[in-house]
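Residue-level structural notes
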Amino acid sequence: MFTIRPTNRSELARVAALDEHRDTLRSVTWSGETGRAWHEQVFEDPAQEHLVAEIRNQTVGFAILGGVGSPRIELRRVALSHEWRGDGLARMLLRALLDRAYARHSAQQVWLHVRSTDEPVLTFYTQEGFAPSDDRPAIHLAPDGSTATLTALTHRR
């Protein structure tokens, strides 16, 4: 059974390891800061909700909702363990996060940034009801000095 729930402090090291492994699967780190200290900071921030995704009590991913307490919640970071990809879990995780944002946090809108050149990810989010927003594209500077244009996508119920 697939579930999401708030992260416990004792799980932050495992989640940080998942985050770092996720970045090794890409040629460039685009998500910004990672590591246990970063996850601990997010965990302590009342405006962010740190969540784990589980199957049969095994952590298979995590997500961070930003802007908790406001009508506009950001999907700040969403990740699944590499071995759990390709089974429809990404869709299940995204749908669970949207349900949580709208039902638990009373969001009126959920948004996120996606690299403008990442067609598979753009297609995935579009299939799930996200649309490009009117926000100006953002430019992201990666730690290696490279840049990417980010498109803001929004979802409304």
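Below is a summary of the structure that appears in this document. (Residues numbered from 1 in each chain as written. Predicted model: local features only at pLDDT ≥ 70, side-chain atom pairs only at ≥ 80, totals over all residues. Heavy atoms only, no water.)

Attention now moves to the packing of helix α3 (residues 89–103) against helix α4 (residues 119–127). Running from N to C, α3 and α4 cross one another at 50°; their axes reach a closest spacing of 11 Å. Our classification of the angle between α3 and α4 gives oblique. Remark: the crossing between α3 and α4 carries right-handed chirality. The segment α3 lies against α4, with Ala90, Arg91 and Leu94 engaging Phe124, Tyr125 and Gln127. Here the residues of the contact of α3 with α4 sort into four nonpolar, one polar and one charged. (Axes fitted to C-alpha atoms, helices over the stretch in contact; angles between N-to-C directions. Helix = DSSP H or I, 4+ residues; strand = E, 2+ residues; numbered from the N terminus. Parallel < 35°, antiparallel > 145°, perpendicular 65-115°, else oblique. Left-handed = near helix turned anticlockwise from the far one by under 90°. Contact = heavy atoms within 4.5 Å. Nonpolar A, V, L, I, M, F, W, Y, C, P; charged D, E, K, R; others polar.)

In this section: helix α2 (residues 36–44). Along α2, the residues classified as buried are Trp38, His39 and Val42. With its buried residues spanning 95° around the axis, α2 presents them on a single face. Turned more than 90 degrees away from the buried face of α2, the exposed residues are Ala37 and Gln41. (Buried < 20%, exposed > 50% of the residue type's maximum accessible area, 1.4 Å probe, protein only. Arc of directions from axis to C-beta.)

In this structure, Arg56 is a non-glycine residue whose phi angle is positive, near 45°. Residue placement: Arg56 occurs in the loop between β2 (48–55) and β3 (58–66). When its relative accessible area of 64% is taken as the criterion, Arg56 is described as exposed. Non-glycine residue Ser106 carries a positive phi angle of around 55°. With respect to the element layout, Ser106 can be found in the loop between α3 and β5 (109–115). Residue Ser106 is classed as exposed on the basis of its relative accessible area of 53%.

Most often, soluble globular proteins keep nonpolar side chains buried together rather than apart. Of all hydrophobic cores here, the largest spans 29 residues; its most connected members are Phe2, Ile4, Leu75, Leu97, Val110, Tyr125 and Phe130. Residue assignment for this core shows that the elements contributing at least two residues are β1 (2–6), β2, β3, β4 (72–80), α3, β5 and α4. Looking at which element gives the most residues to this core, the answer is α3, with eight residues. Counting residues in each nonpolar core, the second largest holds eight residues, with Leu18, Val42, Phe62 and Ile64 among its members. (Core = buried A, V, L, I, M, F, W, Y, C linked by side-chain atoms within 4.5 Å.)

Treat this as a map of the structure, not an account of what it does.
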